[in-house]
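Now for the letters of each chain:
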Amino acid sequence: MSDATQRLSTKNNKPGGETGGLVLGLDLGSVSLNSVVLSEEGEILQERYTRTKGLPMETALSVLEDLFKRYPARSFKALGVTGSGGKALADLLDGHFVNEIISQAKAMEKLHPDVRSVIEIGGEDSKLILVEHDKKLGATIIKDFAMNTICAAGTGSFLDQQASRLEVSIEEFGEISLKSEHPPRIAGRCSVFAKTDMIHLQQEATPDYDIVAGLCFAMARNFKSNIAKGKQFTKPISFQGGVSANKGMVRAFEEVLELEKGELVIPRYYASMGAIGAGLTAIAGGIELSEPLSLSALKDHIDAHAALEAGLEQLVLDEDKRYKHRKKKTIHAPDGQARIKVYLGIDVGSLSTNVVAIDEDRRVLSRRYLMTARRPIEAVRQG
């Protein structure tokens, strides 16, 4: 890490075009594009958070075109880009790509120099960064860091998925969890195991707020055991990234890490710390644009992919291979109006609930198929 930092500080590209004095920082992740406009002194002039919705480059183009209406392309003298999709975007914009760990630490150095541990959770990554201030260098040094493996568990996407299953918006997720007094234990190391635990809790009619709180605590415990792996959290601790907006996660980390009020810091620009750090790194390294910013390469890239997608034909099944006629299951109609003995069978699954009535001769008298819709008791009653 120290070698990378040293190379970063010595690289210097001289500007070849007429540019202004602003600096643009971009953080393109799996869920969002965060953009910031900085002055030469590192003052934050504008911040914007935009969900990519599976279209990262198209989102980048839209955001930049809108940005250039207020700040013309020639206003920027430097561009720093970070994030999981940052390398490709930096190449298309001729910007400088910055490692995510360096960008997060750089933003902390500027905005919260007293912080010693950084928890950063976005849509795809979870990071722990341990820093200290070197008095001789007058700079923040990265002592150690750790990241998650390529798995949804422990990330913002994990919470998004479970919120969708519970039919709760991610914005309501945190508020709902605060109602829980005794969060149930839910597996946090694997999203599949977490789903299994959630299904069991739903079938036991556990309130949604308890399940949501259980998920938050599961994610906090997973971070401590699976990401930190015994590393010491030095206080104060910063919690940043999109997930830090979730009040349920803030509560969970405070309790799991046994923190007092004020020991867990939520930065004002919690979602854009990566973008801020990328811009600040470009400023610190004197890495300036060789030419004014241009969107032509980005537009060509998008057009090329659009042409490729348009050229693919839709897959269809041959007419003679289609399953046209579904076999109808015979429903036996009992004779007369006399009362008969009926046996009820109920199958409550994670997605559907089946209710069937049969007679003593094991003939089906009636059946109902309903979506469980996270309300198993109501589904059984309706069936």
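Trainee: Give me the lowdown on the overall build of the protein chain, citing residues and values where you can.
Mentor: For the protein chain, the helix and strand inventory stands at 12 helices and 13 strands. When the 383 residues of the protein chain are sorted by exposure, 44% land in the buried category. A sequence separation of at least 24 residues applies to 66% of the contacts in the protein chain between residues at least 6 apart. Counting only carbon and sulfur atoms, one obtains 50% of the accessible surface of the protein chain, whose full area is about 21400 Å².

Trainee: Now, about unusual backbone geometry: what can you tell me, with residues and values included?
Mentor: Between Lys 235 and the following residue, Pro 236, the backbone shows a cis peptide bond with an omega angle of -5°. Note that Pro 236 resides in the loop between helix H8 (208-228) and strand S9 (237-240). Not every positive phi belongs to a glycine, and Lys 53 is a case in point at roughly 55°. Mapped onto the fold, Lys 53 is located in the loop between strand S3 (44-51) and helix H2 (56-70). For Lys 53, a relative accessible area of 76% puts it in the exposed group. Its identity is not glycine, yet Glu 258 carries a phi of approximately 55°, on the positive side. Within the element layout of this structure, Glu 258 appears in the loop between helix H9 (247-256) and strand S10 (264-265).

Trainee: I'd love a proper account of the pairing of S3, names of residues and values included.
Mentor: It is a general feature of regular strands that their side chains alternate between the two faces of the sheet. When strand S2 (residues 32-38) meets S3, the two strands line up antiparallel, connected through seven bridges. Residue pairing for S3: Asn 34 is matched across the bridge by Tyr 49. Count of turn residues in the S2/S3 antiparallel hairpin: five residues, of which Gly 42 carries a positive phi of about 90°.

Trainee: Break down the sheet that holds strand S12 (residues 352-358) for me, citing the residues and quoting the values.
Mentor: Within a beta sheet, neighbouring strands are joined by backbone hydrogen bonds and run either parallel or antiparallel to one another. Read from one edge to the other, the open sheet built from three strands follows the order S11-S12-S13, with strand pairing classed as antiparallel. Every other strand in the sheet has two partners, leaving strand S11 (343-348) and strand S13 (364-371) as the edge strands with one partner each. Averaged over neighbouring strand pairs, the angle between their axes works out to 10° when direction is ignored. In this sheet, S13 lies alongside S12 in antiparallel orientation, the contact comprising seven bridges. Note that in S13 the partner of Thr 353 across the bridge is Leu 370.

Trainee: Tell me about the packing of helix H4 (residues 100-111) against helix H10 (residues 273-285), residues and numbers included.
Mentor: Contact geometry of H4 with H10 gives a least axis separation of 7 Å together with a crossing angle of 85°. Here H10 runs roughly perpendicular to H4, going by the angle between their axes. Contacts from Ile 102, Ser 103, Gln 104, Lys 106, Ala 107, Met 108, Lys 110 and Leu 111 in H4 reach Met 273, Gly 274, Ile 276, Gly 277, Ala 278, Leu 280, Thr 281 and Ala 284 in H10. Split by residue class, the contact of H4 with H10 holds nine nonpolar, five polar and two charged.

Thresholds applied
Residues numbered from 1 in each chain as written. Predicted model: local features only at pLDDT ≥ 70, side-chain atom pairs only at ≥ 80, totals over all residues. Heavy atoms only, no water. Helix = DSSP H or I, 4+ residues; strand = E, 2+ residues; numbered from the N terminus. Buried < 20%, exposed > 50% of the residue type's maximum accessible area, 1.4 Å probe, protein only. Contact = heavy atoms within 4.5 Å. Areas by Shrake-Rupley, 256 points an atom, 1.4 Å probe, with all protein chains shown as cover. Pairing = 2+ DSSP bridges. Axes fitted to C-alpha atoms, helices over the stretch in contact; angles between N-to-C directions. Parallel < 35°, antiparallel > 145°, perpendicular 65-115°, else oblique. Nonpolar A, V, L, I, M, F, W, Y, C, P; charged D, E, K, R; others polar.

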